[in-house]
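The residues making up each chain are set out below.
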Amino acid sequence: MPKTIAPLFPYLGRGLGLRREHYRHVLDSKPAVDWFEVISENFMVAGGNPRRVLEAVRRDYPVVLHGVSLSIGSMDPVDERYLDELAALARAVEPAWVSDHLCWGTAHGLNAHDLLPLPYREDALEHVVQRVERVQERLGRRILLENPSSYMRLAGADMEEHEFLAEVARRADCGILLDVNNVYVSAHNHGFDPSAYLAAMPPERVGQIHLAGHVAEGPLLIDTHDEPVCDDVWRLYAEAIARLGPRSTMIEWDAHVPAFEVLERELDFAARWASGGADAEVRRAA
Amino acid sequence: MRRERHVRAPLVSTQTSVLKLITARRLDARDPSAADLIVGDARASAAARLDVYRHMYVARLAEALEAQFPRLARLVGDDFHELAAAFVDDEPSIRPSLRELGRPLAAWLAEHRRDEPELAALARLEWARADVFDLEDDPQLTLDDLRAWPAETFGELPLALVTAHRLVVVSSGAAALWDAIGAGGADVLAIVSDVPERLVVWREDVAVYHRVIDADEHGALALVEAGASFGAICERLSVGLAPDDAVARAFAWLSTWVSDGLIAAPRVRARRGG
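Conventions we followed
- Residues numbered from 1 in each chain as written.
- Chains lettered and ligands numbered in written order.
- Predicted model: local features only at pLDDT ≥ 70, side-chain atom pairs only at ≥ 80, totals over all residues.
- pLDDT = per-residue confidence, 0-100.
- Helix = DSSP H or I, 4+ residues; strand = E, 2+ residues; numbered from the N terminus.
- Buried ≥ 20, exposed ≤ 12 C-beta atoms within 10 Å, placed from the backbone.
- Pairing = 2+ DSSP bridges.
- Axes fitted to C-alpha atoms, helices over the stretch in contact; angles between N-to-C directions.
- Contact = placed C-beta atoms within 7 Å.
- Parallel < 35°, antiparallel > 145°, perpendicular 65-115°, else oblique.
- Nonpolar A, V, L, I, M, F, W, Y, C, P; charged D, E, K, R; others polar.
- Arc of directions from axis to C-beta.

S.K.: Please clarify how the confidence of the model for chain B should be interpreted in this entry.
M.R.: Any residue range with low pLDDT should be treated as having predicted coordinates unsuitable for detailed reading. Residues and elements named next belong to chain B. Residues with a pLDDT of 70 or more make up 89% of chain B, whose mean pLDDT is 89. Looking across chain B, the model is least confident in helix α13 (residues 266–271), with a mean pLDDT of 54, and most confident in helix α6 (residues 105–112), with 97. Both scores are available for the predicted complex, with the pTM at 0.89 and the ipTM at 0.93.

Right, here's the structure in full:
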């Protein structure tokens, strides 16, 4: 049974993304949240308010670093300066773990600042594995890679994303940050079975789960991080927990950020869904 | 397992072509088409799927610029998105962080919006404010430190500005424009002129400040920026003032700078080799 396999990452409980809108509240009120995730790039600076806030939050909570610019699948050379800065931040913060995305975002030095999907095939797999190993060696720790939400499949692929991600994790000995909303969004956009995706994840390597909201734009779902988690994603999350066992879970809400209490309520929903709460029960609680 | 009917291009050329399509920039790829690179289906065509990324590329960079130049964005209004798109077309991001995105904006505006000099002036001021926001935190020289310095060697007092500062020269009226937009007004555009306006921008704790200064104070701060002693400031002033007046004026400036948190403590100077 998958649940009997010990995960490679500690269980932290339920966390939230630390966003600028809530700095004051978090520092003053020390809310009952188990841990915080921060966007690495926002804190890869010399000083000022961002680093002060992070240091203060770190004194009271476990923190994990989540990057958006590693560009692990890019054919551009690894950005050594970026790696140096990330390594320095990790040394200073001592996060529970460091994560980024299974994607690429640069070519010829130009940065799209997006999480672009790879063509899932063997040469891309070898390329990503080699880069993950290099990053892990530099950071001196195992990293987690997150499945991106995507709106296109690049030509020339001969694997599904879940096969590719699971194989990268095995070969590079890294972890997986399973974004359940991204699975749902991409499954809709590309017509694959989200349950099959979950079933392909090696349980011991899934260290963290992301949940977020999305919107429909025409025929596609867009991962916007500006809405509550929808019932379909909650159900998929419950399915993931049933397969994997307890996993550190956080809510991502990055645009039109609501009051902190709204996010805490989403975390309460996560606890109910994770414990097998039925749809109707959760709705009554709302 | 899904087999594609597309030709399998090398990864590097695939990424180059896709990025070219998303950013509409000329890289080293031959002109590709979305259908060559992206798998379309009954739900959405290759072109429609590409459009999602094209739209997000411009929207994300425009949003980052708006965060760095909030008052410029308010001044420009609904056209800011179009301005941002034109800017990133000329000055695309080449760094992992968006922090540096806005650095060339003031110069770009000066070249491309010459008939609206207030835009470049305001951008220069806002960039300096954004730039100092997350620079290194330095311990500051205090008024007590000043009082404790022996009077007989006060002229040798070595000075240095904290890292989180910028000396800026803009078109006259930029600071008033910044104030007016902050207060909700937008009817002060005509006040920006070609006469230079000098400002010092700095951060103390978590707050960013700026202050208009005259040419003499700007010159003195430039000397301090270069590591001059208090005596060197007095010497510069003594060209046009009696020695006692020069010392009095320099000390008045120094008191203000120290009160503002602009002067670094000796430990910082030592670390810089000063």
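S.K.: It is not clear to me how the pairing of strand β9 (residues 206–211) of chain A should be interpreted in this structure. Could you clarify?
M.R.: Side-chain positions along a regular strand alternate between the two faces of the sheet. All names here are of chain A. The buried fraction of β9 is high, at 6 of 6 residues. Sheet topology places strand β8 (residues 175–179) next to β9; 4 bridges connect them, and they run parallel. Of the residues in β9, the one forming a bridge with Leu177 is Gln208.

S.K.: How should the sheet that holds strand β4 (residues 98–101) of chain A be read in this particular structure?
M.R.: Remark on secondary structure: sheet strands pair via backbone hydrogen bonds, oriented parallel or antiparallel. Residue and element names in this part refer to chain A. Spatially, β1-β2-β3-β4-β7-β8-β9-β12 is the arrangement adopted by the 8 strands of the closed barrel, whose pairing is parallel. Each neighbouring strand pair of the sheet contributes to a mean axis angle of 30°, computed without reference to strand direction. In this structure, β9 lies alongside strand β12 (residues 248–251), joined through 4 bridges in parallel fashion. Within β12, the residue paired with Leu211 across the bridge is Ile251.

S.K.: I'm lost on the sheet that holds strand β1 (residues 165–172) of chain B in this one. Help?
M.R.: All names here are of chain B. Overall, antiparallel pairing links the 3 strands, which are arranged β1-β2-β3 in an open sheet. Because the sheet does not close on itself, it has two edges, and the strands there are β1 and β3 (207–213). Between one strand axis and the next, the sheet turns by 30° as a mean value, whatever way the strands run. Pairing of strand β2 (residues 193–204) with β3 involves 7 bridges; the strand directions are antiparallel. Each bridged residue has a counterpart across the sheet, and for Arg198 the counterpart in β3 is Ile213. Lying over the sheet, helix α7 (residues 117–132) contacts β1, β2 and β3, oriented at roughly 170° with respect to β1.

S.K.: Got a minute to help me understand the packing of helix α3 (residues 46–68) of chain B against helix α5 (residues 80–90) of chain B in this structure?
M.R.: Each pair of packed helices can be described by the angle between their axes along with the distance between the axes. Residues and elements named next belong to chain B. Here α3 crosses α5 at 105°, and the two axes come no closer than 9 Å. Relative to α5, the element α3 is oriented roughly perpendicular. Contact with α3, carried on its side by Val58, Leu61, Ala62, Leu65 and Glu66, involves Phe80, His81, Ala84, Ala85 and Val88 of α5 and no other residues of that element. Here the residues of the contact of α3 with α5 sort into 8 nonpolar, 1 polar and 1 charged.

S.K.: Can you help me understand α6(B) in this one?
M.R.: Each α-helix turn comprises 3.6 residues. Residues three or four places apart therefore point the same way. Residues and elements named next belong to chain B. Within α6, burial applies to Leu105, Ala106, Trp108 and Leu109. End-on, the buried residues of α6 take up no more than an arc of 160°, which puts them together on one face. For α6, the secondary structure elements touched by its buried residues are α3, α5 and α7.

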